Amino acid sequence: MKLLVMDTCDVVMRRKSDGHLFITAEAQLTSISQSLGINEKIYGGIGNKALAIMKGQKEVQSTLRNAFYDQELLSLTQGVAIEEGGTATVWKTEKNLTVVDNLGDLEVTITGTPINNEVHVRNAKGELESATATTGKITVPAGHAVEGDIVSVTYQEEITGDILQLDGEKFAEAFELEYHTIAYDPDTNKVVKDIYIQLDHVVPMDELELSLENGNAIAPEINFECMTAPNSTRIGRIIEEDRI
């Protein structure tokens with residue numbers, strides 16, 4: 001039956017080591033490509049005719065590009081689980097702080113808790129001066145700003161969050177991968193089929209690129225090498241189910 005397929009896929013992946021699931025319904029691109037490492041004609045006889053074709057080294061690759069930044073998706077390339085509720089030290093900057101006069105001292109107020117109360121005050125000229133925070137109050141160094149100026153304050157703070165480690169000794173693990181999309185009858189434009197593409201043994205390539213650019217949403221893309229499952233010659237399958 002001829003079909004019209006014009007959508008991307010929903011994706012379900014299951015990590016083989018522990019059964020952990022990754023699910024997304026926000027994919028922008030799901031693709032599969034196949035190539036042969038050996039595809040040569042065998043020639044012989046009078047006139048050196050083409051007698052046979054030698055084929056082998058079938059290779060299947062798949063690509064998944066997601067519409068949204070998702071730390072779970074990035075973890076596929078790292079071979080590590082996300083550490084929930086971990087702690088880390090980060091730099092924070094509070095902006096648009098107005099310098100006020102407090103009994104002759106010029107001060108600004110911050111909301112965070114700097115490590116060791118150490119902060120750096122940046123004035124309108126871009127100059128930095130070190131200072132000390134006391135219960136959220138910072139005395140602006142003399143000559144660095146005047147009352148009414150707008151400054152920013154940068155400091156280190158310990159936070160709690162979900163952490164994805166980039167570990168030089170760990171690599172992407174094997175997954176089962178399933179894509180699901182729908183197909184239309186081109187004559188009626190009615191959905192008539194569900195199409196499932198199953199790949200039994202895929203390993204994400206250990207390559208990652210995150211480009212953060214103004215006006216462009218991050219759309220992480222991961223490539224997979226698709227191989228035969230252990231003790232099998234099968235790489236995967238494409239299934240059509242009638243839509244009732």
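Overview of the structure. (Residues numbered from 1 in each chain as written. Predicted model: local features only at pLDDT ≥ 70, side-chain atom pairs only at ≥ 80, totals over all residues. Heavy atoms only, no water.)

Position of Asp 200 among the secondary structure elements: in strand E13 (residues 191-204). Note on Asp 200: relative accessible area 18%, which makes it buried. Those residues in contact with Asp 200, other than ones at most four positions away along the chain, are Lys 16, Phe 175, Glu 176, Ala 229, Arg 234, Ile 235, Gly 236 and Arg 237. (Helix = DSSP H or I, 4+ residues; strand = E, 2+ residues; numbered from the N terminus. Buried < 20%, exposed > 50% of the residue type's maximum accessible area, 1.4 Å probe, protein only. Contact = heavy atoms within 4.5 Å.)

What follows is about the pairing of strand E1 (residues 10-15). It is a general feature of regular strands that their side chains alternate between the two faces of the sheet. Residues Val 11, Met 13 and Arg 15 line the buried face of E1, whereas the alternating positions Asp 10, Val 12 and Arg 14 sit on a face that is not buried. By the bridge criterion, 6 bridges tie E1 to strand E12 (residues 175-184) in an arrangement that is antiparallel. By the bridge assignment for E12, Val 11 is matched with Tyr 179. Where E1 meets strand E2 (residues 21-24), 4 bridges bridge the pair, whose relative direction is antiparallel. Looking at the pairing, Val 11 lines up with Thr 24 of E2. Counting the residues in the hairpin turn of E1 and E2 gives 5 residues, including Gly 19, whose phi is positive at 80°. (Pairing = 2+ DSSP bridges.)

Glancing now at a nonpolar patch on the surface. A surface patch of nonpolar side chains, about 410 Å² in accessible area, is lined by Tyr 69, Leu 208, Leu 210 and Leu 212. By the element assignment, Leu 208 lies in the loop between E13 and strand E14 (221-227). The exposure class of Leu 208 is partly exposed, given its relative accessible area of 39%. (Patch = residues over 30% accessible without salt bridge, like charges linked within 9 Å, V, L, I, M, F, W, Y side chains within 5 Å. Areas by Shrake-Rupley, 256 points an atom, 1.4 Å probe, with all protein chains shown as cover. Salt bridge = Lys/Arg side-chain N within 4 Å of Asp/Glu carboxyl O.)

So, on to the sheet that holds strand E10 (residues 137-139). Strand order across the open sheet formed by 7 strands is E5-E11-E8-E9-E10-E7-E6, with antiparallel pairing between neighbours. Where the open sheet ends on each side, the last strands, each with one partner, are strand E5 (83-98) and strand E6 (100-102). Geometrically, the sheet is characterised by an average inter-axis angle of 40° between neighbouring strands, direction not taken into account. Bridge count between strand E8 (residues 118-122) and strand E11 (residues 150-163): 3 bridges; the pairing is antiparallel. Within E11, the residue paired with Val 121 across the bridge is Val 153. (Axes fitted to C-alpha atoms, helices over the stretch in contact; angles between N-to-C directions.)

Counting across every chain of the model gives 0 disulfides. Free of any disulfide, Cys 9 has its nearest neighbouring cysteine sulfur in Cys 226, separated by 13 Å. (Disulfide = S-S within 2.5 Å.)

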